[in-house]
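Notes for the structure review
Residue strings, one per chain:
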Amino acid sequence: MKAILLAGGKGTRLRPLTLNTPKPVVPIFDRAFLHYQIERLHQIPEIDEVILSLNYQPRRIEEVFGAGEGTGVRLRYVVEPSPLGTGGAIRYAAQGITDTIVVFNGDVMTDVDLPALVARHRDARARATIVLTPVYNPTAYGLVETSPDGHVTRFLEKPAAHEITCNTINAGIYVLEPETFDRIPKDVNYSIERAYFPSLVERGETFVSHIHHGYWIDIGTPEKYLQVHRDMFDGKFAGGLFTTADRTRPVVSPEARIDAGAVLEGPCFIDAGAHIKPGATIGPYAVIGRGCVVEEGARVSGAILWPNTRVGESATVDGSLVGRGCHVGRFARLGPTVMLGDKTSLTDFTQA
Ligand code: GDD
Ligand code: MG
């Protein structure tokens, strides 16, 4: 069995962070996002290859994962000649595959039970099986209506407020039979959500759902990107670094340098090569990336610093997202809605 990870989106809602770092490899704590999805796919032992469907900055993604060393699975990269949309990308990536395929949107973090999903697909002898999850407001997602026995009866992508009829949405995880891909036109932009799924319903094909009540989040906006870190600190999602450890205490790499007189307030995470100087305060809910330096008297809380950023003496960074290699000047104050792209340099006393 093969898995396809749809990892070709531009991540526009996470700009400027995604200008140099495509969304599928934005760091979640100390590792690229897709690591968590690949880790989850290990639940299905039949999966012998994971195909990364790429489009935007494919080289940057290949650089992170190589041939899959360190992920425990064989990886293959398929780069579309131009963005083909979610449906077109799946068809393009699935060329030559006849066996059942598991598909993941490359930006959802979830503890969905994948073996149960595959079992549901097989038991129903379905052509397609989709994971649904309940949300408070479906307008940003694909609304999916089902019959009492779990057959999909309607799929409506990005419904308007007056079109909302239920709270179950497309979680972006599917099991699909490639024989149904012949309806996807070749080499044009084609949406699996707006065209393929509605066509399955129209033609009365066996299209069933698997409801997931556990953890699920789409990391594609700044709020959700911060939220997933908070949730992992709070123990709502386990993965990567955070499996069993007590997360209320600071988690500090043995290769980080914490000077005497620095204060760490849990939960927080400090990665290898970081240096926290005397009188600096880190946390709660702060993530300090590899090689960052936090100078004397500075305070970082509820914020995420990507690697190699320097926070100057007595500066405050609260709830902000700070890209790689930034410099925050002395006595600067950054608040919750601030996002800094890579290599931003802020002069001393900046307020933002
Ligand atoms: N290869 C490739 N080519 N990948 C693409 C393309 C493309 O042209 N367009 C989008 N993707 C990838 C994105 O990288 C992302 O991982 C996934 O497909 C979904 O695209 P998003 O842009 O994140 O869509 P969305 O979040 O607005 O909506 C989708 O996800 C929701 C769940 O998070 C839809 O599938 C909704 O129905 C769903 O509810
Ligand atoms: Mg998304």
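Residues numbered from 1 in each chain as written. Chains lettered and ligands numbered in written order. Predicted model: local features only at pLDDT ≥ 70, side-chain atom pairs only at ≥ 80, totals over all residues. Heavy atoms only, no water.

1. Notes on the overall build of the protein chain
- Check the secondary structure of the protein chain and you find 6 helices and 30 strands.
- Taken over C-alpha atoms, the radius of gyration comes to 22 Å for the protein chain, in line with the 20 Å a tight globule of 352 residues would show.
- Projecting the C-alpha coordinates of the protein chain onto the three principal axes gives extents of approximately 65 × 45 × 35 Å.
- Expressed as a percentage of its 352 residues, the buried residues of the protein chain come to 56%.
- When contacts within the protein chain are restricted to residue pairs at least 6 apart in sequence, long-range pairs at least 24 apart make up 51% of them.
- Counting only carbon and sulfur atoms, one obtains 48% of the accessible surface of the protein chain, whose full area is about 14,700 Å². (Helix = DSSP H or I, 4+ residues; strand = E, 2+ residues; numbered from the N terminus. Rg over C-alpha atoms; globule rule 2.2 N^0.38 Å. Buried < 20%, exposed > 50% of the residue type's maximum accessible area, 1.4 Å probe, protein only. Contact = heavy atoms within 4.5 Å. Areas by Shrake-Rupley, 256 points an atom, 1.4 Å probe, with all protein chains shown as cover.)

2. Examining the pattern of salt bridges
- Counting across every chain of the model gives 18 salt bridges.
- Across the salt bridge formed by arginine 122 and glutamate 46, the nearest N and O atoms sit 3.3 Å from each other. Taken together, the residues span a long stretch of sequence, with arginine 122 in helix α4 (residues 114–123) and glutamate 46 in the loop between α1 (33–41) and β4 (49–54) at a distance of 76 residues.
- Its relative accessible area of 45% is what places arginine 122 among the partly exposed residues. (Salt bridge = Lys/Arg side-chain N within 4 Å of Asp/Glu carboxyl O.)

3. A look at the packing of aromatic side chains
- A full pass over the atoms with the stated rule returns 14 aromatic pairs.
- Relative to phenylalanine 197, the ring of tyrosine 174 has its centre 4.9 Å away and its plane inclined at 65°; by these criteria the two rings are edge-to-face. Taken together, the positions of tyrosine 174 in strand β11 (residues 168–176) and phenylalanine 197 in helix α5 (residues 192–202) put the pair 23 residues apart, joining distant regions of the chain. Take tyrosine 174 and phenylalanine 197: they sit in the same class, and that class is buried.
- An aromatic cluster of at least three residues, connected via ring pairs, comprises Phe155, Tyr174, Phe181, Tyr196, Phe197 and Phe207.
- Geometry around tyrosine 285 places arginine 230 over its ring, the cationic atom sitting 4.0 Å from the centre. (Phe/Tyr/Trp six-rings, centres within 6.5 Å; stacked < 30°, edge-to-face > 60°. Lys NZ or Arg CZ within 6 Å of the ring centre and 35° of its normal.)

4. Section: the coordination of the magnesium ion (ligand 2)
- Here the magnesium ion (ligand 2) is held by the protein donor atoms Asp107 (OD) and Asp218 (OD), which lie 2.1 to 2.3 Å from it. Of this pair, aspartate 107 sits in the loop between β6 (101–105) and β7 (108–110) while aspartate 218 sits in strand β13 (residues 216–218), and the two are 111 residues apart along the sequence.
- By relative accessible area, which is 8% here, aspartate 107 ends up buried.
- Of the residues examined, aspartate 218 reaches a relative accessible area of 16% and is grouped as buried. (Donors = N, O, S within 2.8 Å, 3.2 Å for Na, K, Ca; no water.)

5. Topic: the side chain of threonine 100
- Among the structural elements, threonine 100 can be located in the loop between α3 (85–93) and β6.
- Residue classification places threonine 100 among the buried positions, given a relative accessible area of 10%.
- A distance of 3.0 Å separates polar atoms of two side chains, one belonging to threonine 100 and the other to glutamate 177.
- Beyond its immediate chain neighbours, meaning those up to four positions away, threonine 100 contacts Met1, Lys2, His121, Val175, Leu176, Glu177 and Pro178. (Polar contact = N/O pair within 3.5 Å; in protein donor to acceptor, adjacent residues only side chain to side chain.)

6. With respect to the site of ligand 1
- Within the structure, ligand 1 sits among 27 residues, and Gly9, Glu80, Glu157, Asn170 and Glu193 are positioned closest to it.
- One of the backbone N or O atoms of glycine 106 is found 2.8 Å from an oxygen atom in ligand 1.
- Contacts to ligand 1 include aspartate 218, whose side-chain N or O atom sits 2.7 Å from an oxygen atom.
- If you list the elements that add at least two residues to the shell around ligand 1, you get β1 (2–7), α3, β10 (152–157), β11 and β13.
- With 3 residues, the top contributor of residues to the shell around ligand 1 is α3. (Near = heavy atom within 4 Å.)

7. Section: the sheet that holds strand β22 (residues 299–301)
- What the 5 strands build is an open sheet, ordered β16-β19-β22-β25-β28; its pairing is parallel. In the strand order of this sheet, the two ends are held by β16 (263–264) and β28 (333–334), each with one partner.
- Two elements, strand β25 (residues 316–318) and β28, share 2 bridges in a ladder whose sense is parallel. Directly across from threonine 316, in β28, lies its bridge partner arginine 333. (Pairing = 2+ DSSP bridges.)

8. A look at the pairing of β6
- Within β6, 5 of the 5 residues are buried, leaving the element largely enclosed by the surrounding structure.
- Because side chains alternate across β6, one face comprises the buried residues Ile101, Val103 and Asn105, and the other comprises Val102 and Phe104, equally buried.
- As paired strands, β1 and β6 are joined by 5 bridges and run parallel to one another. Within β6, the position partnered with leucine 5 by the bridge is phenylalanine 104.
- Bridge count between β6 and β11: 4 bridges; the pairing is antiparallel. Opposite phenylalanine 104, over in β11, you have isoleucine 173 as the bridge partner.

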